[in-house]
There are 4 protein chains.
Amino acid sequence: MHALVYAGPGVKEWTEVPDPSLSADTDAIVRVDAVTLCGTDLHILTGDVPTVTPGRILGHEAVGTVLATGSAVQSVTAGDRVLVSCITSCGTCHYCRLQRYGQCLGGGGWVLGNTVDGTQAEVVRVPFADRSTHLAPTGVSDEHLLMLADILPTAYEVGVLNGRLQTGGVIAIVGAGPIGLATVLAARLISPSLVVAIDTDPGRLQLAKAFGADVVIDNGHEDALDVVRGLSDGLGADVAVEAVGVEATFTLATTLVRPGGTVANVGVHGAPATLHLEQLWSRDITLTTGLVDTSSTAMLMTLMKAGVLDASRFITHRFDLGDMLEAYDVFGDARASHALKVVLTRS
Amino acid sequence: MHALVYAGPGVKEWTEVPDPSLSADTDAIVRVDAVTLCGTDLHILTGDVPTVTPGRILGHEAVGTVLATGSAVQSVTAGDRVLVSCITSCGTCHYCRLQRYGQCLGGGGWVLGNTVDGTQAEVVRVPFADRSTHLAPTGVSDEHLLMLADILPTAYEVGVLNGRLQTGGVIAIVGAGPIGLATVLAARLISPSLVVAIDTDPGRLQLAKAFGADVVIDNGHEDALDVVRGLSDGLGADVAVEAVGVEATFTLATTLVRPGGTVANVGVHGAPATLHLEQLWSRDITLTTGLVDTSSTAMLMTLMKAGVLDASRFITHRFDLGDMLEAYDVFGDARASHALKVVLTRS
Amino acid sequence: MHALVYAGPGVKEWTEVPDPSLSADTDAIVRVDAVTLCGTDLHILTGDVPTVTPGRILGHEAVGTVLATGSAVQSVTAGDRVLVSCITSCGTCHYCRLQRYGQCLGGGGWVLGNTVDGTQAEVVRVPFADRSTHLAPTGVSDEHLLMLADILPTAYEVGVLNGRLQTGGVIAIVGAGPIGLATVLAARLISPSLVVAIDTDPGRLQLAKAFGADVVIDNGHEDALDVVRGLSDGLGADVAVEAVGVEATFTLATTLVRPGGTVANVGVHGAPATLHLEQLWSRDITLTTGLVDTSSTAMLMTLMKAGVLDASRFITHRFDLGDMLEAYDVFGDARASHALKVVLTRS
Amino acid sequence: MHALVYAGPGVKEWTEVPDPSLSADTDAIVRVDAVTLCGTDLHILTGDVPTVTPGRILGHEAVGTVLATGSAVQSVTAGDRVLVSCITSCGTCHYCRLQRYGQCLGGGGWVLGNTVDGTQAEVVRVPFADRSTHLAPTGVSDEHLLMLADILPTAYEVGVLNGRLQTGGVIAIVGAGPIGLATVLAARLISPSLVVAIDTDPGRLQLAKAFGADVVIDNGHEDALDVVRGLSDGLGADVAVEAVGVEATFTLATTLVRPGGTVANVGVHGAPATLHLEQLWSRDITLTTGLVDTSSTAMLMTLMKAGVLDASRFITHRFDLGDMLEAYDVFGDARASHALKVVLTRS
């Protein structure tokens, strides 16, 4: 089969590799029908993720068809159409029992496209298939379903739930890239009174409005703190979400939040940040970090099927699976291409 | 009457001042029967707390006898023996409704000995008396009760509750000064499986054992991270409490905590700290800060009366109220005097 | 002034009475600009509520203008347009500190139109004005605001919050009268995957659809349990709300709920009900009862102002305040009049 | 091997049966080293539990040694000393993901000694071994560990956690049999301010004191409601636990609880009970039912190892495994024998 193989920093190939096969009782083999690319894949390609070694097939999101299952797999069987989640789970360890699958100690967590071969391929071996795949509901398209593999659970769990957003609350989201926009969408599920999106790219701010932000702030030209406080009785946001991954946006998030509020970090950080404890120590701030657990995936799938959660706005570009390298080019140059999520499908 | 008056950085006087009088319907005038000193008072005297201006009577903890009450005060009356809490509360604002009295927007919060005259005096005016005083139960001594004015609610709320300590959990407390020791005591109420106290002073570590720590670590000579991980299946503590207020101990706390755990900052910080987001972003860490709300004071008083919470170990030195300056000397030189809490009583 | 006076079971009068005046420092005197009737008022008139004695002015919901305030009132002042909440609160007692204002031990709770004179009058005295009135926001009409005095907080707190409805959950509401319909509206704020409304009146079921129910069941003709289980993988609803107040509907609610789910009782019951513990003991059911606390009123007002919560569908009939008796006739004969909420306004 | 076989209502035999063998990849075969009897076994023998059919080996609690494991079992291996929990769990279904293992839809839940052969035997087959056994810690005896198979998790989860007992709270436990006494012990972990035990048997009330009750009430001779209210400012208990399983004790529990409190039903009920909704509807009561999930077993085991949880008081009688019938006689006649828990061990 063909797959996208990481060949060291800066180098990737769409190349012929052996087909995967069952290696544990709990595995499934899944034919990839639709797959997408993630900002994390770009990080890997720069060499920033040391757990990914050359030769690895990338990709941790897919919708596909089960080809075969190990003897211990109970919930899916050959022929089933499934969502392949970015997180797998042993189901038995301390963290899996707490639904913190992202921290699995038993061989799960984020492994696909990281420590085992991933989904940017014609076929993928999925470990712990019972807890890594979800039967696809009828009436939801592959490409919409694909948004449940990573981006929507991440936004909901690491942004909205970690942020403890309450009905009627004020949420400020710093960064209007794909994950920031997904946070706008996920936040609306809780009926906040105000969703503010902050970015320096006017195009993305326009998108944020379309995704459901009430107010957008171009913090290249406006003082976000002034605007947010002006909209919240001078107090600040109940929840500030960091959705970029650099120190400046993190610091902004910590100033936007009101006493008693929460800063939910969603961004992937490559460097430390200064935390102004001399200001924050007495302000009753909660600050959270997190990897997605995909504990919400089944629920979000129900909402998508019910028509309550609409993922269509994410998909900006579509490719054949074989055009993987072109898809990377388009996704990697989002400023120019205005790509949010690109979807590659089996032809 | 006499009172301890702040006269600018480094200068304090035990001097004659006018008696306080009722200035609002919601005030009470309270004769001070027992009062204590707090580490915060020492911070004020160094000039670190800009809200405290020269001429201010210090002190935010007392047990006393009500002399008079304003017309709107309902819960206490002249002659009542009361605990004066470090936090007052308007009872009506957004934060008071949420029991976040420390963040009161209506004139409450930490005001005594800060923005209004405090308790290190023969008599004190207590604003919002209904929500700033608690009727003293019979059978609990003044000096034990006094530990409920600040230190025990702070340890319980900002350390244990913010830290989300669960029954059976592992808690590591960095710093075994008065507030760290109070956190040991408060943590035991939840029945953790392991309480670890960390300090560089062997004397304080010995005290930590007496207060209920299972394991103590002298991190001048031992690697606290190694020890804590060795005691917790290699994972780290469920809850790490920072009870010092400097960067090194804060950083230590963030490394001691396991994935999914909480770092509860109790220390008062005068400077920022580096937050290693490049390590923490994916570890599901919750980090909290907070000023005490004293929302737990009534409950802790019930436990003290029931004999479940024993505050006797805190009190190392006793003085007459008139020996205020000597009490400050002893409390301010805790390394030499081994003082934890000093109590001054009306003779 | 004129007021609606209860004169014993079955007897009410719209009659001349003395104007109210301030009797405590914490009172406000409010001119009634808009007032509504509640099912509870009908209960009172049948003699079912023994705390209401003859001579009492009824009514516990209003929007009005402050005429005067006692000396201790801080949050409103003469001229302010306010919502008068059905629940008052001393702000100091055990329950008020927990935001359980409905259980206030200090003279609050449901007192208006019950133990003190109420809002169905030209002017009303509001006790504990700081915690019983809410400043009206601009841009929200009196009649919409009026729905925040009782029915919407009741549905949200006693139905949705007590029911612990989660995003993506299935909620079944037994009874599609005003409070059941309000529960449909309030449930939608949390983005459930399925809202089912159950009643025997086809007209009300049609209204339930308009309010946002996904599925309606006429349980005079359909087996509600079959339908609900058929829509929920055979498990039943996550949350079943009893919104009628009789044994049959209560029993239905307890059968509709899945293992691990919650039955939230909103209905006012005049008789006991059989609880099938022999079936329920092992099913992990939570059953809640409750009086509204109005702890959510300020938040719901924010959502109404933001356009997220639309109360317009409730108001079916409008009257001049002087037509109080006619309004009672229309409201009391809802089967014929199809009345949900009637609004009376000062002309 | 020998086993205790249910042969229809009223009939049981200690008899020769075939040894069990692995039948699924996820099974373990465990040699029984220590086993106990449960009140539920007595219920089964009266014919009250229709899921138990003649020929079934009873018993759902054991400590033993693993003899063999299926190929998919990861967490235990032959030779391991393990606790066999009363609840098994598929680990994949909706309920298992929520840690509600007692409600497992995938073949788990309470199956041992119910729908599959149980632990009152020399050897037992344990389904879903990864999630039904727990590695035994060193330093804890078999008989203490055995108390973690059912009674202690039941008391903690269904009594204390469902009851939402808070630190400083007042808990009243109706019934001082084994499960009521276990609830006393479990409640103490949270540091309530008052634990009240209620029974009609003075011997059991004396035991309740030894287990940690602050106050005991003989409700054959005292009015429990009067006493409890007298101890709680007239309000009643925060938490009332029903630990008997009949209507009278259930009704008592619902009267003992204060507004805003919780009634946690632990008792196994064979008949319905009247619920006084006409009194309870407005009192903000939460009522819970539940089967144990054993989600707390690992945590309680940690506390037992740490010396915080002492199970020694439960064990009143000890037998050889071969004296099973005699053990049943003693356990079945607890009034005369004063048996709480009997332990049978392999000789």
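Small disclaimer: the values here were computed from a predicted structure and weren't measured.

(A) Summary view of the side chain of A:Asp218. All names here are of chain A. Checked against the element boundaries, Asp 218 lands in strand β10 (residues 215-218). Within the buried core, Asp 218 has no salt-bridge partner, and the shortest N-O distance to an opposite charge, that of Arg 335, equals 9.1 Å. Discounting chain neighbours no more than four positions away, the residues touching Asp 218 are Asp 199, Thr 200, Pro 202 and Leu 205.

(B) Representation of empty space enclosed by the protein. Enumeration over the complete set of coordinates arrives at six cavities of 30 Å³ or more. Roughly 80 Å³ of volume is contained in the largest cavity. Along its surface, the largest cavity is lined by B:Gly91, B:Cys96, B:Arg97, B:Tyr101, B:Arg131, C:Gly91, C:Cys96, C:Arg97, C:Tyr101 and C:Arg131. Contributing elements (two or more residues each) for the lining of the largest cavity: α2 (94-97) of chain B together with α2 (94-97) of chain C. By residue class, the composition of the lining of the largest cavity is four nonpolar, two polar and four charged.

(C) The interface of chain A and chain B, seen in detail. Each partner contributes to the interface: chain A provides 36 residues, whereas chain B provides 36 residues. Carbon and sulfur atoms supply 57% of the area buried between chain A and chain B, which totals about 3100 Å² over both sides. Our count for the chain A to chain B interface comes out at two salt bridges. For the salt bridge of A:Asp284 with B:Arg100, the shortest nitrogen-to-oxygen distance reads 2.8 Å. The interface formed by chain A and chain B contains 22 residue pairs in polar contact (both at pLDDT 80 or more). At four residues, strand β12 (residues 257-265) of chain A tops the list of elements feeding residues into the side of chain A that touches chain B. For the side of chain A that touches chain B, the residue count by class is 16 nonpolar, 14 polar and six charged. Here strand β14 (residues 286-288) of chain A runs beside strand β14 (residues 286-288) of chain B; their pairing, made up of three bridges, is antiparallel. The residue bridging A:Thr288 from the neighbouring strand is B:Thr286, located in β14(B).

(D) Region of the structure containing the sheet that holds strand β9 (residues 194-199) of chain B. Pairing is mixed in the open sheet, where 12 strands are placed in the order β10(A)-β9(A)-β8(A)-β11(A)-β12(A)-β14(A)-β14(B)-β12(B)-β11(B)-β8(B)-β9(B)-β10(B). What marks the edges here is a single partner per strand, and that holds for β10 of chain A together with β10 (215-218) of chain B. Pairwise comparison of adjacent strand axes, ignoring direction, gives a mean angle of 15° for this sheet. Bridge analysis of strand β12 (residues 257-265) of chain B against β14(B) gives three bridges, and the strand direction is parallel. Looking across to β14(B), one finds that B:Ala264 is bridged to B:Thr288. Packed onto the sheet, helix α6 (residues 178-188) of chain A meets β8 (170-174), β9 (194-199) and β11 (237-242) of chain A and runs at close to 165° relative to β8(A). Sitting on the sheet, helix α7 (residues 202-211) of chain A touches β9 and β10 of chain A, and the angle it makes with β10(A) is about 170°.

(E) Local environment of the relation of the copies chain A and chain D. If you rotate chain A by 180° and push it 0.0 Å along the axis, it lands on chain D with an RMSD of 0.0 Å. Interpreted geometrically, this transformation is the action of a two-fold axis. Among all C-alpha atoms of chain A, that of A:Gly91 lies closest to the rotation axis, at 3.0 Å. With an isologous cut-off of 70% or more, the 100% of interface residues of chain A that recur at the interface of chain D puts this contact in the isologous class.

(F) Structural context of the interface of chain A and chain D. Residue-level contacts link 14 residues of chain A with 14 residues of chain D. Here chain A meets chain D over a buried area of about 1200 Å², counting both sides, of which 38% is carbon and sulfur. The three residues of chain A that bury the most area against chain D are A:Thr92, A:Arg97 and A:Arg131, which together make up 44% of that side's buried surface. Linking chain A with chain D are zero salt bridges, by the criterion used here.

(G) Inspection of the relation of the copies chain A and chain B at higher detail. Of the transformation superimposing chain A on chain B, the axial component is 0.0 Å and the angular component is 180°, with the fit at an RMSD of 0.0 Å. Mapped onto chain B, 100% of the interface residues of chain A again fall at the interface, so both copies present the same surface.

(H) Region of interest: the environment of D:Pro153. Residue and element names in this part refer to chain D. With respect to the helices and strands, the residue Pro 153 is situated in helix α5 (residues 151-161). Spatially, the C-alpha atom of Pro 153 lies 14 Å from that of Cys 38, the residues being 115 residues apart in sequence. If near-sequence neighbours (up to four positions away) are discounted, Pro 153 is found in contact with Met 147, Leu 148, Val 158, Val 292, Thr 294, Ser 296, Thr 297 and Leu 300.

(I) View of the pairing of strand β1 (residues 2-6) of chain C. Residue and element names in this part refer to chain C. Extensive coverage of β1 is indicated by the burial of four of its five residues. Here β1 pairs with strand β2 (residues 12-16) via five bridges, running antiparallel. In the sheet register, Val 5 faces β2, and the bridge partner there is Glu 13. Count of turn residues in the β1/β2 antiparallel hairpin: five residues, of which Gly 8 carries a positive phi of about 105°.

(J) Representation of the nonpolar core within the structure. Residue and element names in this part refer to chain B. Core analysis: the largest hydrophobic core is formed by 98 residues, its most contacted members being Met 147, Leu 152, Phe 314, Met 324, Val 342 and Leu 344. Two domains each provide a minimum of three residues to this core, namely domain 1 (2-150 + 293-345) and domain 2 (154-288). Discounting residues that sit within four places of it in the chain, Met 147 has contacts with Leu 152, Pro 153, Ala 311, Phe 314, Ile 315, Lys 341 and Val 343.

(K) Quick look at the environment of D:Arg164. All names here are of chain D. Within the secondary structure, Arg 164 is located in the loop between α5 and β8 (170-174). Take Arg 164: its relative accessible area is 40%, and that puts it in the partly exposed class. For the pair Arg 164 and Arg 131, spaced 33 residues apart in the sequence, the C-alpha separation amounts to 26 Å. Not counting the four nearest positions on each side in its chain, Arg 164 is found in contact with Val 239, Gly 260, Gly 261, Thr 262 and Thr 286. Looking at Arg 164, its side chain comes within polar contact range of the side chain of Thr 286, at 3.2 Å.

(L) Local environment of the domain arrangement of chain A. Residues and elements named next belong to chain A. Domain parsing of chain A yields domain 1 (2-150 + 293-345) and domain 2 (154-288). For domain 1 versus domain 2, the separation of C-alpha centres amounts to 27 Å. Between domain 1 and domain 2, the residue contacts involve 18 residues of the former and 14 residues of the latter. The contact between domain 1 and domain 2 buries some 1400 Å² in all, and 63% of this surface belongs to carbon and sulfur atoms. In terms of surface lost to domain 2, no three residues of domain 1 exceed Arg 313, Phe 314 and Leu 340, which account for 38% of the buried area on that side. Between Arg 335 and Asp 201 there is a salt bridge; the shortest N-O distance is 3.9 Å. Our count for the domain 1 to domain 2 interface comes out at six residue pairs in polar contact (both at pLDDT 80 or more). Breaking the side of domain 1 that touches domain 2 down by element, the ones donating at least two residues are α11 (297-305) and α13 (334-337). The dominant element in the side of domain 1 that touches domain 2, judged by the number of residues it contributes, is α11, at four residues. Among the residues forming the side of domain 1 that touches domain 2, the class breakdown is nine nonpolar, four polar and five charged.

(M) Focus on the confidence of the model for chain A. Averaged over all residues, the pLDDT of chain A is 97; the fraction at 70 or higher stands at 100%. Reported confidences for the modelled complex are a pTM of 0.97 and an ipTM of 0.96.

(N) Representation of the pattern of salt bridges in the model. A complete count under the given rule lists 44 salt bridges over all chains for this structure. Salt bridges sharing partners connect three or more residues here, namely A:Arg31, A:Asp33 and A:Arg346.

(O) Focus on the pairing of strand β16 (residues 341-345) of chain B. All names here are of chain B. Most of β16 sits out of view: four of its five residues are buried. Across three bridges, the pairing between strand β3 (residues 28-36) and β16 is antiparallel. The residue of β16 that forms the bridge with Ala 34 is Thr 345.

(P) Layout of helix α11 (residues 297-305) of chain C. Residue and element names in this part refer to chain C. All buried positions along α11 are accounted for by Thr 297, Met 299, Leu 300, Met 301, Leu 303 and Met 304. Elements in contact with the buried residues of α11: β5 (81-84), β7 (133-135), α4 (142-146) and α5 (151-161). Where α11 terminates, the next one or two residues include Gly 307, which has phi positive at roughly 85°.

(Q) Geometry of the sheet that holds strand β9 (residues 194-199) of chain D. Read across the sheet, 12 strands follow the order β10(C)-β9(C)-β8(C)-β11(C)-β12(C)-β14(C)-β14(D)-β12(D)-β11(D)-β8(D)-β9(D)-β10(D) without closing on themselves; strand pairing throughout is mixed. Looking at the sheet topology across the chains shown, the edges are occupied by β10 (215-218) of chain C together with β10 (215-218) of chain D. In this sheet, neighbouring strand axes are inclined to one another by 15° on average, regardless of whether the strands run parallel or antiparallel. Sheet topology note: the strand β11 (residues 237-242) of chain D/strand β12 (residues 257-265) of chain D ladder contains five bridges and is parallel. Bridge assignment links D:Glu242 to a residue of β12(D), and that residue is D:Asn265. The strands that helix α6 (residues 178-188) of chain C touches are β8 (170-174), β9 (194-199) and β11 (237-242) of chain C; relative to β8(C), the one it contacts most, it runs at about 165°. In the packing of helix α7 (residues 202-211) of chain C onto the sheet, contacts are made with β9 and β10 of chain C, and the angle to β10(C) comes to roughly 170°.

Basis of the calculations
- Residues numbered from 1 in each chain as written.
- Chains lettered and ligands numbered in written order.
- Predicted model: local features only at pLDDT ≥ 70, side-chain atom pairs only at ≥ 80, totals over all residues.
- Heavy atoms only, no water.
- Helix = DSSP H or I, 4+ residues; strand = E, 2+ residues; numbered from the N terminus.
- Buried < 20%, exposed > 50% of the residue type's maximum accessible area, 1.4 Å probe, protein only.
- Lys, Arg positive; Asp, Glu negative; His and termini not counted.
- Salt bridge = Lys/Arg side-chain N within 4 Å of Asp/Glu carboxyl O.
- Contact = heavy atoms within 4.5 Å.
- 1 Å grid on protein atoms, 1.4 Å probe; cavity = no way out; pocket = protein on both sides within 12 Å on 5 of 7 lines; lining within 4 Å.
- Points joined across faces, edges and corners; volume = space filled by probe spheres on them.
- Nonpolar A, V, L, I, M, F, W, Y, C, P; charged D, E, K, R; others polar.
- Buried area = accessible area lost by both parts, 1.4 Å probe.
- Polar contact = N/O pair within 3.5 Å; in protein donor to acceptor, adjacent residues only side chain to side chain.
- Pairing = 2+ DSSP bridges.
- Axes fitted to C-alpha atoms, helices over the stretch in contact; angles between N-to-C directions.
- Least-squares fit on C-alpha atoms with pLDDT ≥ 70 in both.
- Core = buried A, V, L, I, M, F, W, Y, C linked by side-chain atoms within 4.5 Å.
- Domains from an automatic or database assignment.
- pLDDT = per-residue confidence, 0-100.

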